[in-house]
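Descriptive structure summary
Spelled out, the chains give:
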Amino acid sequence: MFTRSLRTASLKAPRGQLLKAPIGLRAYSKFPSSDKKKSEEKSNQNSNDQKDSKEQKKSPFSKGYVLGALGILAVGSTVLASVYTKHEPKLAPEPKKGPAFSDKDVSVIFVLGGPGSGKGTQCGKLVNEKGFVHLSAGDLLRAEQVREGSLDGALIAQCIKEGTIVPQEVTVRLLRNAVADNVAKGKNKFLVDGFPRKMDQALTFEDEIVKSAFTLFFECPEQVMLDRLLERGKTSGRADDNIESIKKRFRTFVETSMPVVDYFDKQGKVVKLRCDEPVDTVGNRVKEALVKRGIN
Ligand SMILES: Nc1ncnc2c1ncn2[C@@H]1O[C@H](COP(=O)(O)OP(=O)(O)OP(=O)(O)O)[C@@H](O)[C@H]1O
Ligand SMILES: O=c1ccn([C@@H]2O[C@H](COP(=O)(O)O)[C@@H](O)[C@H]2O)c(=O)[nH]1
């Protein structure tokens, strides 16, 4: 009530004069008026009210009708909604897709080992002697890094320099494309070199591309690898063949990549080879290991 009177206060009028404010406000007006005026006003008010109530009875859009209709609509829509919710079909879980290729048609050997253990060198020999396709994850990343229009170039460059692992989405995508391109050309024997370097990569590759046949693991003392990499760094032009990056790569290898080797080892799928001997000696060991696994 006080609030309503306050609202009328802005309507300035001489003392005793009726304010031309809306009906609701007039009722709360504090300004005095004569009795006659009061009774005239009251009778006007009553006749207005009677008119209103007659009109309300006549019109289908009167307050009562509208409120009633709205109520019916509200109840009806609630009932309908509950019926439809009950019968709404539940979303079926997405079916698991499985690898793109069967390991009966496509043969993948993972080649792992510390940086500088000689993976690339031995893969090169097997390409010439056994007709494998050599896919080096590092080479694919380096090519992507400098590819015009690549969105991942800067990220790849930073990971390589820091010796960290590029997010799997990037590397798995590059490998998936490379495998598919080669399969389309009728090639089906792959050496996947320097991959998987992290557990998520191993799981995604085997879930989405193809299950690996086994892993060749090159064991090599750290000092030997260091000497080889520093020597290679004199001519390789690689951003990570320097002492700072090499130390970081060694740490990543032990902390992040060795768990992958252990994971496959527990499945009996790792062939371990010493590789701190001349290239051809190591090469012969590799070939013997392949023969033992049925690859001639
Ligand atoms: N058995 C070996 N004896 C001596 N030197 C070797 C031997 N194998 C490879 N090398 C040399 O060591 C260096 C590293 O070899 P390679 O590039 O094959 O290693 P990697 O494991 O592929 O390294 P990264 O993981 O860094 O690419 C090369 O300069 C290579 O010529
Ligand atoms: O699966 C991978 C493989 C490589 N990287 C990055 O590339 C460099 C160099 O790899 P090399 O096999 O020695 O050529 C490696 O240190 C990683 O930074 C990767 O992220 N994921």
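See the structure shown above.
Structure report, in brief. No experiment lies behind these values; they were computed from the predicted model shown.

Comments concerning the packing of helix α6 (residues 137-146) against helix α7 (residues 153-162)
One can describe the packing of α6 onto α7 by two numbers: an axis separation of 8 Å at closest approach and a directional angle of 135°. Here α7 runs oblique to α6, going by the angle between their axes. Judged by the sense of rotation from one axis to the other, the crossing of α6 with α7 is left-handed. Contacts between α6 and α7 involve L141, R142, E144 and Q145 on the former and, on the latter, G153, I156, A157 and I160. Taken together, the residues of the contact of α6 with α7 break down into four nonpolar, two polar and two charged.

Some remarks on the site of ligand 2
Around ligand 2 lies a shell of 17 residues, among which R142, T164, V166, R197 and R238 are the nearest. At 2.6 Å, a backbone N or O of T164 approaches an oxygen atom of ligand 2. Alone, ligand 2 offers 450 Å² of accessible surface; in the complex the protein occludes 96% of this. Put simply, the parts of the chain that give the shell around ligand 2 at least two residues each are α6 and α7. Looking at the shell around ligand 2 element by element, the count peaks at four residues for α6. Grouping the amino acids of the shell around ligand 2 by side-chain chemistry returns seven nonpolar, five polar and five charged.

Describing the pairing of strand β3 (residues 189-193)
For β3, the buried fraction is high: four of the five residues fall into the buried class. For strand β1 (residues 107-113) and β3, the ladder comprises five bridges, and the chain directions are parallel. Within β3, the residue paired with V108 across the bridge is F190.

Reading the values: rules and limits
Residues numbered from 1 in each chain as written. Chains lettered and ligands numbered in written order. Predicted model: local features only at pLDDT ≥ 70, side-chain atom pairs only at ≥ 80, totals over all residues. Heavy atoms only, no water. Axes fitted to C-alpha atoms, helices over the stretch in contact; angles between N-to-C directions. Helix = DSSP H or I, 4+ residues; strand = E, 2+ residues; numbered from the N terminus. Parallel < 35°, antiparallel > 145°, perpendicular 65-115°, else oblique. Left-handed = near helix turned anticlockwise from the far one by under 90°. Contact = heavy atoms within 4.5 Å. Nonpolar A, V, L, I, M, F, W, Y, C, P; charged D, E, K, R; others polar. Near = heavy atom within 4 Å. Polar contact = N/O pair within 3.5 Å; in protein donor to acceptor, adjacent residues only side chain to side chain. Areas by Shrake-Rupley, 256 points an atom, 1.4 Å probe, with all protein chains shown as cover. Buried < 20%, exposed > 50% of the residue type's maximum accessible area, 1.4 Å probe, protein only. Pairing = 2+ DSSP bridges.

Remember, this is a structural readout, not a statement about activity or role.
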